[in-house]
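These are the residues of each chain, in order.
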Amino acid sequence: MARTKLTKTGSGTIQKLSAPQAQTREYHVIPDDDGWLVKRDEALTGLFAHDLDAAIAQAVRAAERDSHNGLEVMVCVQEADGHCRKVWP
């Protein structure tokens, strides 16, 4: 749960500070020659699985760690036609 930050101005009034914009991190499960790779924000993560469900599980575990650290996260799977289908959350 995000906290509201307040600051006191020179004149003694209290102002609410604007909350920082949440950073969104995207994990993409993409087809590879003999399995599935997991990429994060266009960079390879080193995660690979021969089975799609296993690759999705790896991506979700990584996304859950990032979510726990305060980032907004999503996981999607690249379909054969090139578009991404969101699978988590």
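Quick summary incoming for the structure in this document. From a predicted model like this one, the values you see are computed outputs, not experimental measurements.

**Here's the deal with the overall build of the protein chain**
For the protein chain, the helix and strand inventory stands at 1 helix and 7 strands. The linear arrangement of helices and strands in the protein chain, starting from the amino end, is β-β-β-β-β-α-β-β. Of all 89 residues assigned to the protein chain, the portion counted as buried reaches 25%. Once local pairs closer than 6 in sequence are excluded, the contacts in the protein chain between residues at least 24 apart make up 30%.

**Examining the pattern of salt bridges**
Under the counting rule described, the total for this entry stands at 4 salt bridges. With a closest N to O distance of 3.7 Å, aspartate 41 and arginine 25 form a salt bridge. With aspartate 41 in the loop between strand E4 (35-40) and strand E5 (43-49) and arginine 25 in strand E3 (residues 24-32), the pair connects residues that are 16 residues apart, well separated along the chain. Given the relative accessible area of 35%, aspartate 41 is considered partly exposed.

**As for the sheet that holds E5**
Strand order in the open sheet formed by 5 strands is E5-E4-E3-E6-E7, with mixed pairing between adjacent strands. Either end of the sheet is taken by a strand with one partner, and the two such strands are E5 and strand E7 (84-88). Averaged over all pairs of adjacent strands, the angle between their axes in this sheet comes to 30°, without regard to strand direction. As judged from the 5 bridges shared by E4 and E5, these two strands associate in the antiparallel manner. Counterpart to leucine 37 in the pairing with E5 is phenylalanine 48. Sheet contacts for helix H1 (residues 52-68): E3, E4, E5, strand E6 (72-78) and E7; angle to E3, the most-contacted strand, approximately 165°.

**Description of the pairing of E4**
Looking at chain direction, E3 and E4 are connected through 6 bridges and run antiparallel. Its bridge partner being in E4, proline 31 is matched across the sheet by tryptophan 36. In this antiparallel pair of consecutive strands, E3 and E4, the connection spans 2 residues.

**Observations concerning the environment of aspartate 66**
Its place among the elements puts aspartate 66 in helix H1. Considered as a pair, aspartate 66 and threonine 24 are 42 residues apart in the sequence and their alpha carbons are 9.7 Å apart. Once residues within four sequence positions are removed from consideration, aspartate 66 is found in contact with Arg25, Tyr27, Arg40, Leu71 and Val73.

**As for the side chain of arginine 25**
In this structure arginine 25 comes out as buried when scored by relative accessible area, which is 17%. For arginine 25, the contacting residues outside a window of four places in its chain are Arg40, Asp41, Asp66, Leu71, Glu72, Val73 and Met74.

Cut-offs applied
Residues numbered from 1 in each chain as written. Predicted model: local features only at pLDDT ≥ 70, side-chain atom pairs only at ≥ 80, totals over all residues. Heavy atoms only, no water. Helix = DSSP H or I, 4+ residues; strand = E, 2+ residues; numbered from the N terminus. Buried < 20%, exposed > 50% of the residue type's maximum accessible area, 1.4 Å probe, protein only. Contact = heavy atoms within 4.5 Å. Salt bridge = Lys/Arg side-chain N within 4 Å of Asp/Glu carboxyl O. Pairing = 2+ DSSP bridges. Axes fitted to C-alpha atoms, helices over the stretch in contact; angles between N-to-C directions.

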